[in-house]
Structure formats: C-alpha cells, structure tokens
Amino acid sequence: MSEKTGDKLGFWSIVLLAINAIIGSGIFLTPGSVVQQAGSKALVVYLIAAIFAAILAISFAAASKYVTKSGAAYAYSKAAFGDKIGFYIGVLRYFSASVAWGVMAVGVIKSTISIFGENPNKAMNVTLGFLILMAIITVINLFGQKVVKYVMNLATIGKLAALVLIIIAGVVLLITTGASSNLGQVDQLTQNGQKIVPTLTTTTFVMAIVSAFYAFTGFESVASGSEDMKNPEKNLPRAIPLAILIIAAVYIGVVAVAMILNPRALMTTKQVVAIAAIFKNEILRDVILVGALVSMFGINVASSFNAPRILEAMAREGQMSQALTKRTKNNFPIRTFFISVGLAILIPMAFEYNMVNLITLSAMVRFLGFIVVPLAVIQFYRGKAKEDVLKANKSVMTDVIVPILSIVIVIFLLVEYNWKAQFGVVNTAGQVVGVNWYAVAMMIFGFVLLPLIMAWISKRERK
C-alpha cells in the first residue's frame, strides 16, 4: 500500500530532521581544538565550514532527486558508476558511519566518567564504559523503532537546551560581571611560556576547518529518507542548507560566548566537553555536561539505527550476503547491528580513544564520498547513469555548478591538509617526531582491507 501524502515530511519537518541529524557531539567536542588551531579566526572558520557543508549538502540533495533508494552515497554512486564503485563507496560509507559512532560513544563514555569524578583517560574505564553503553543501546534497539524514536526525541530536547543555556548563561555573565576579553587577545594567550595558538598558516587554517566541519557532518544522511518526504526534489535543496545556516548561527553564538568569556579554559581544559569548562559555576557546568551527554547518547542511538542499515542496503542490492538482511520480529537488523557494534568498539580502541585523531579520521573517510556523490549528480544530469534513475527536474545550478564547486572545495581541503600531523606522533612543541602507526593501520584497514574482505565474502556468497 502506498504511503499517504499527508504522512510524509513537509518542508519544515525536513529542516528539523536535518537539524537533529547534524547537531550531535561536534559542537560539544570540537570548539577547544578549533580555537586552539585558529585562535581569533575561529568564528570565521565555523562560518566557512558551514558554507562548505551547505554546498556539499546541496549536491546530496540533488542526487536524491534521481535516486530514492536507501543507502544515500552508496545508492547514488552505484546508480551513477555501476556495481564496483558503488560497492567500494558503500563499504567506505559504512566504515565512516561506524567510526563516527565510535567517536560519539567515546564522547559519552568519557563525559560520564568525568561527571562521576573518575579518570576519563584511563583505558580500562573507557573500555568498560564502552561495553555497558553498547549493551544499553542493544536493548533499546531490540525494543523496536518506537523506543529508538522516543530516545532520539528526548536527545533533541537535551542538546538544544544545553546549547541555548550556554548562550544565555554566557551573555548574562558578560552583562552582570562585565567580564570581557578582546577576541584578538586569544592569539596572545600563553601556557608554560609558549603561545597556545600557533602562527596561522594555510595548513593550520585548513586543519581547523576540517575539525569545525565535523560539527556539521550528518547532512549526508538526511536525503537518504527522501521517499518519506513531500516533493523532495524541491524541498531538500532548500531545507538542508537552511538547517545548516540555522545551526551555524547557534554554533557561532556558542563559540563566541566561549572565546569572550574564558578562552584559556576552552583551549587548555582536559574535559571531553570542552565548552562546559568556560563556566566556573559547578551546577551550570554539570547541567551543560548532562545536556551534552543526553545529546551524544541520542546521536549514538541514531548511529546504531543508521550504520547497520548501510550494510543492510548493500545486502538488499545483492552485493553482500542475503543473511545480512535478516531482521527480528521488531524489525531489528540484528546481524548488521552486531557487526557495526564490533567496528564501533575496535576502531576507537585502535586509536587509544584519542578524540582528536578519531574526529579527524571520521571527517577524512567521508571526503571520498564528498567527491563521488557530486560526480554522480553530474552523471545523472548528463543522462549517463549506469542504472535507470528517476526523471527529475534538471538544474544547471544544483546539478552541475554546485557539484563542481563541491569537488573543488574537497580537493583544496585534501591538498592543504596536514597529513604529517595526522599520521605522525607530535611532541609538546608541535613537531612530528615519529609515525602514528595506529592511524596508518586504520586508514589501510578502512580504505583497503575492509573493502577487500567484504568483496571476498560477497564473491564467495554469490558462488
């Protein structure tokens, strides 16, 4: 039976869905790192990251006009370029979703540990927390989609309340205490006789943009539900960029308050939720921590819903074992779920739970998809797709110019990116003194070994 039009998501529902998908752990975890890298230019960095995300989001929205199957980047690349490229992008998309889930799980666990006064950097504490968290998320999923939606709605309220509280409390403190700090002075702050913010170069600026960009990721999954939306070909290209601009305003407000109020605490804190460190009032700090915790837990539940379904989509297309399409009575994809749990636990363990490395890895793995999807949109526009696609209203702006701009942006970020710092061991002076074999191994695993393993399993299954 076809779904009634009245049951489908309208324009503003899509905007809210996008806001919920994008606001997660990024704004709570990344500001300290971004300000430390970009100093007084941090607000500009967040604005640029938002513009980049909006441009890329339009490409994903354009792709959803032509392909409405589940799987997002996987479905688009398979339709445009055929089974092999589709398969590879699908595996990478699945890997990046699992990494992202792992990042957010580490954020929840470390924040919870710190709230209870324990050491959040002790590997044993984090590993134990991981197992408990995954057990709770498994139980929630086993109860079915209604419980998952309920938890996600609660998380939306929690994260928005925490962000609004940061802005309001910050502004009130600035007015009542007269505490202020010139944004330009952020660059001059020192610790142990050395400047906290290094001299800004193109590379450090790009690294800061990549860190800030992580806070806007999630837009790429919004269009995957286009079958359940009213006029997705019209509404998605308008709704997703609007959602990103609303989020950018909130993010810039939060970071501006933090930089004016207490930039030193923001950049030097050992707290996982760096943004909470700007407040001296313990009650206020704990409320923000709990809000961030609720938000990150909700995004963990959302990730536990989304990541397994990427692998399941590949199985439904006949590119993975049909056994992976098995679901429980409550419509729970149990096999793909537990494979995803395994990756979400093992990847952070391999990186020794280092949040900066994990966040950067999560952003970098997505970038290949951010090149392939715009290329796919251009193929659809030219009528050169490998599979039949929907007849859509074609637009030179959204289907050619914006995708080309997306590709140029991603290539620029990749060229200027500080690969040495990401794959090297950096000392306190900021010098690369060795190779980060954990990072190298994970990239080889994600880009080479995992696709080969899955291709071998798929080939064996077909035989």
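Just above, that's the structure.
Residues numbered from 1 in each chain as written. Predicted model: local features only at pLDDT ≥ 70, side-chain atom pairs only at ≥ 80, totals over all residues. Heavy atoms only, no water.

Student: Hey, could you run me through the pattern of salt bridges in this one?
Tutor: Oppositely charged side chains are able to pair whenever their charged atoms sit close together. All told, the structure shown has 6 salt bridges when counted by the stated rule. Two residues, E317 and K78, come together in a salt bridge whose shortest N-O distance is 3.0 Å. Of this pair, E317 sits in the loop between α13 (282–316) and α14 (334–350) while K78 sits in helix α5 (residues 73–81), placing them 239 residues apart in sequence. Look at K78 and you get buried, because its relative accessible area is 7%. The shortest N-O distance in the salt bridge between K78 and E387 comes to 2.7 Å. Residue K78 is found in helix α5, and its partner E387 is found in the loop between α15 (355–382) and α16 (396–416); the two are separated by 309 residues along the sequence. You can call E387 partly exposed: its relative accessible area is 24%. Three or more residues are tied together by salt bridges with common partners; here these are K78, D83, E317 and E387. (Salt bridge = Lys/Arg side-chain N within 4 Å of Asp/Glu carboxyl O. Helix = DSSP H or I, 4+ residues; strand = E, 2+ residues; numbered from the N terminus. Buried < 20%, exposed > 50% of the residue type's maximum accessible area, 1.4 Å probe, protein only.)

Student: Would you mind going over the packing of helix α3 (residues 31–38) against helix α9 (residues 202–214) with me for this structure?
Tutor: The axes of two packed helices give the description: the angle between them and the distance between them. Their axes nearest at 9 Å, the elements α3 and α9 cross at an angle of 165°. Considering the angle they form, α3 stands roughly antiparallel to α9. In this structure, α3 meets α9 at a crossing whose hand is left-handed. Touching S33, V34, Q37 and A38 of α3 are T204, M207, A208, S211 and A212, all from α9. Here the contact of α3 with α9 is built from residues that sort into 5 nonpolar, 4 polar and no charged. (Axes fitted to C-alpha atoms, helices over the stretch in contact; angles between N-to-C directions. Parallel < 35°, antiparallel > 145°, perpendicular 65-115°, else oblique. Left-handed = near helix turned anticlockwise from the far one by under 90°. Contact = heavy atoms within 4.5 Å. Nonpolar A, V, L, I, M, F, W, Y, C, P; charged D, E, K, R; others polar.)

Student: Help me understand α14 in this model?
Tutor: In this model α14 runs 25 Å from its N-terminal to its C-terminal C-alpha over 17 residues, within 8% of the 24 Å that 1.5 Å per residue would give. Looking only at α14, the buried set comprises T336, F337, S340, V341, L343, A344, I345, I347, P348 and A350. Looking at the residues trailing α14, positive phi occurs at E352, about 55°. (Expected span 1.5 Å × (residues − 1).)

Student: Even after reading the chapter, I still don't get the packing of helix α7 (residues 123–142) against α14, so can you show me in this structure?
Tutor: Relative to each other, α7 and α14 sit at 160°, their axes nearing to 11 Å. Of the possible angle classes, the one that applies to α7 and α14 is roughly antiparallel. Pair α7 / α14 crosses with right-handed handedness. Listed contacts from α14 to F130, L131, M134, I137, T138 and N141 of α7 are F337, F338, V341, A344, I345 and P348. The residue makeup of the contact of α7 with α14, split by class, is 10 nonpolar, 2 polar and no charged.

Student: Mind showing me how you'd approach the environment of L165 here?
Tutor: Position of L165 relative to the elements: it lies in helix α8 (residues 145–177). Between the C-alpha atom of L165 and that of V254, which follows or precedes it by 89 residues, the distance is 9.5 Å. The residues contacting L165, other than those within four sequence positions of it, are G170, L284, V287 and I288.

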